[in-house]
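Secondary and tertiary structure notes
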Amino acid sequence: MRSHVWWGTTAMVLGLLAAGCGKGDGGGAAASDTAGKSVSDGYPVTVTDCTGARTTFSAAPKKIVTSNASSLELLLRLGARDKVIGTGFPPGKGTLPTALDAQAQQVPALGQTVIAKEKLLGSGADLYIDTFASMGSMGDAPTEAEYKTAGIKHIYLKSTACAATLKSPVTDLSAVEDDITSLGAVTGTSAKAKELVAGMKKKVDAVQEAVGGTAENKRPTYFFFDYDAGTKQPSVVCNRQIAHAVITLAGARNAFADCDGDYQQVGWEDVISKNPDWIQLGVRNRGSEAANKKAFDEAQKWLESNAATKGMKAVKDGHFLRIGSEQTTIAGVTNADTVEQIAKALYPGKVD
């Protein structure tokens, strides 16, 4: 099984916050915060996960454990740090923006990878936010009955858990926005959630106004080179992965848009046959600007020196984008930033 780590997690099995899987095109939640909105402070709040399971909160949780850095980052951005008592797959120092990094480093790591079942159930948490669609070979996960016995409510993030089984491509960020909105409702930070979603929409709408009308055959083709996933056999982002939506919204054509699913391993001959116009050097945050530059340099040098890839159009033209993997392939607030960054590179002068 290939490793596809983001701050230590496995992106192929990233899960989604409970407000339902929504449509494959990102068209909103099947169910969201619905119950009791006339009650003080907006509670009770009910969220529904990808399987249809409903979880109701009569008040904001006080002790939250997150499965990895993706759900932790969302809580930090929402201003809910005081509610977080632990995490799995802790973010490395410097891998989150400065203000968030300081907070993240204060969160106890209950596991350097998947939190052990006994440790999670004995953590004292009243909510576990799970960013894994399926634990599978990643460890012995508690059953829902065991969560209930321990007094822990268990919900999933929404943005990518169902990615591999969506019925149609994801082409917008609505699932990410639903996650933020739902987490805000659950933790009592709805005002901040609304602010974050509005900021994302503003950036994406501006890009769409500038380049959204570009005819399909005029849009440059785009390959996300996941350098850290390995170079022997490339791993590509398919049309159910959030990166596909990011690339599409930026006015580009994902070179592997015809691949149904979230990720797929292909051969270099497949990439070469696509002959992309642009290549994003997918490098995960190393924790410092210098370390990141070194990794980007290595990824670019590999493409330029490899006999099989150096003849591709993007390589010969020097059309490389140095944008981190996390903000492209992991659902979150910075997906909108990536849409803007890609658009500015591909359409110079058109996007402010």
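Whatever comes next refers back to the structure up there.
Scope of this entry: the structure provided in the associated data block. (Residues numbered from 1 in each chain as written. Predicted model: local features only at pLDDT ≥ 70, side-chain atom pairs only at ≥ 80, totals over all residues. Heavy atoms only, no water.)

Turning next to the overall build of the protein chain. Scanning the protein chain for helices and strands turns up 12 helices and 15 strands. Counting the 352 residues in the protein chain, one finds 55% classified as buried. Pairs at least 24 residues apart make up 69% of the contacts formed inside the protein chain by residues separated by at least 6 positions. Accessible surface, the protein chain as shown: approximately 14,500 Å² in total, 51% of it carbon and sulfur. (Helix = DSSP H or I, 4+ residues; strand = E, 2+ residues; numbered from the N terminus. Buried < 20%, exposed > 50% of the residue type's maximum accessible area, 1.4 Å probe, protein only. Contact = heavy atoms within 4.5 Å. Areas by Shrake-Rupley, 256 points an atom, 1.4 Å probe, with all protein chains shown as cover.)

So, about helix 1 (residues 69–78). With 10 of 10 residues buried, helix 1 lies mostly within the body of the structure. Within helix 1, the full set of buried residues consists of Ala69, Ser70, Ser71, Leu72, Glu73, Leu74, Leu75, Leu76, Arg77 and Leu78.

Attention shifts here to the sheet that holds strand 14 (residues 278–282). Pairing within the open sheet is parallel, and its four strands lie in the order 12-10-14-15. Each having just a single partner strand, strand 12 (253–254) and strand 15 (320–321) make up the two edges of the open sheet. Here strand 10 (residues 221–226) runs beside strand 12; their pairing, made up of two bridges, is parallel. Each residue of the ladder has a partner; that of Tyr222, found in strand 12, is Asn254. The strands that helix 9 (residues 289–305) touches are strand 10, strand 14 and strand 15; relative to strand 14, the one it contacts most, it runs at about 135°. (Pairing = 2+ DSSP bridges. Axes fitted to C-alpha atoms, helices over the stretch in contact; angles between N-to-C directions.)

This next bit is on the pairing of strand 14. Each regular strand shows side chains that alternate between the opposite faces of the sheet. For strand 14, a buried count of five out of five residues is recorded, marking the element as mostly surrounded by other parts of the structure. Burial along strand 14 is two-sided: Trp278, Gln280 and Gly282 facing one way and Ile279 and Leu281 facing the other are all buried. Pairing of strand 10 with strand 14, which is carried by five bridges, proceeds in the parallel orientation. Along strand 14, the bridge assignment pairs Phe224 with Gln280.

Spatial ordering of the open sheet is given by 7-6-5-8-9, a layout of five strands whose pairing is parallel. Strand pairing shows two members of the sheet lacking a second neighbour, strand 7 (109–111) and strand 9 (153–156), which therefore form its edges. Shown here is a sheet whose adjacent strand axes are inclined to one another by a mean of 25°, direction ignored. One ladder, built from two bridges, connects strand 6 (residues 84–88) with strand 7; its direction is parallel.

Another point: the pairing of strand 8 (residues 127–130). Side-chain alternation along strand 8 places Leu127 and Ile129 on one buried face and Tyr128 and Asp130 on a second face that is also buried. With three bridges connecting them, strand 5 (residues 64–66) and strand 8 associate as parallel partners. Among the inter-strand pairings, Thr66 is bridged to a residue of strand 8, identified as Ile129.

In this section: the pattern of salt bridges. All chains considered together, the criterion is met by 16 salt bridges. Where Arg284 meets Asp226, a salt bridge forms, and the shortest distance between an N and an O atom there is 3.1 Å. Residue Arg284 is located in the loop between strand 14 and helix 9, and its partner Asp226 is located in strand 10; the two are separated by 58 residues in the primary sequence. There is no split in this pair, since Arg284 and Asp226 are both buried. With a closest N to O distance of 3.2 Å, Lys274 and Asp258 form a salt bridge. Placement of Lys274 in helix 8 (residues 268–274) and of Asp258 in the loop between strand 12 and strand 13 (263–265) is noted, with a sequence separation of 16 residues between them. On the basis of relative accessible area, Lys274 is assigned to the partly exposed category, the value being 30%. What emerges from the salt-bridge pattern is a single network uniting Asp226, Asp228, Arg284 and Arg286. (Salt bridge = Lys/Arg side-chain N within 4 Å of Asp/Glu carboxyl O.)

A few words on the environment of Ala125. Among the secondary structure elements, Ala125 is positioned in the loop between helix 3 (117–121) and strand 8. Take Ala125: its relative accessible area is 3%, and that puts it in the buried class. With sequence-adjacent residues up to four places away left out, Ala125 is seen in contact with Lys63, Val65, Ile85, Gly151 and Ile152.

Another point: the packing of helix 6 (residues 190–211) against helix 12 (residues 335–346). At their nearest, the axes of helix 6 and helix 12 sit 8 Å apart, and the two run at 25° to each other. Considering the angle they form, helix 6 stands roughly parallel to helix 12. Considering only the axes of helix 6 and helix 12, their crossing is left-handed. Along the contact surface, helix 6 presents Met200, Lys203, Val204 and Val207, while helix 12 presents Ala336, Asp337, Val339, Glu340 and Ala343. Each residue belonging to the contact of helix 6 with helix 12 can be placed in one class, and the counts come to six nonpolar, no polar and three charged. (Parallel < 35°, antiparallel > 145°, perpendicular 65-115°, else oblique. Left-handed = near helix turned anticlockwise from the far one by under 90°. Nonpolar A, V, L, I, M, F, W, Y, C, P; charged D, E, K, R; others polar.)

This structure, assessed with the given rule, holds one disulfide. The disulfide that involves Cys238 links it to Cys259, with 1.8 Å between the sulfurs. The sign of the S-S torsion, about 60°, decides the handedness of the disulfide formed by Cys238 and Cys259: right-handed. Taken as a pair, Cys238 in the loop between strand 11 (235–237) and helix 7 (242–249) and Cys259 in the loop between strand 12 and strand 13 lie far apart in primary sequence, 21 residues in all. An identical accessibility class is assigned to Cys238 and Cys259; each is buried. (Disulfide = S-S within 2.5 Å.)

Moving on to unusual backbone geometry. The omega angle of the peptide bond from Tyr43 to Pro44 is 5°, so this bond is cis rather than trans. As for its placement among the helices and strands, Pro44 is situated in the loop between strand 2 (9–10) and strand 3 (45–48). Of note in the backbone geometry, Phe89 takes a positive phi value of approximately 40° without being a glycine. For Phe89, the location among the structural elements is in the loop between strand 6 and helix 2 (98–104). Here the phi dihedral of Asn275 falls at roughly 45°; this positive angle occurs in a residue that is not glycine. Tracing the backbone shows Asn275 in the loop between helix 8 and strand 14. On the basis of relative accessibility, which here comes to 33%, the residue Asn275 falls in the partly exposed class.

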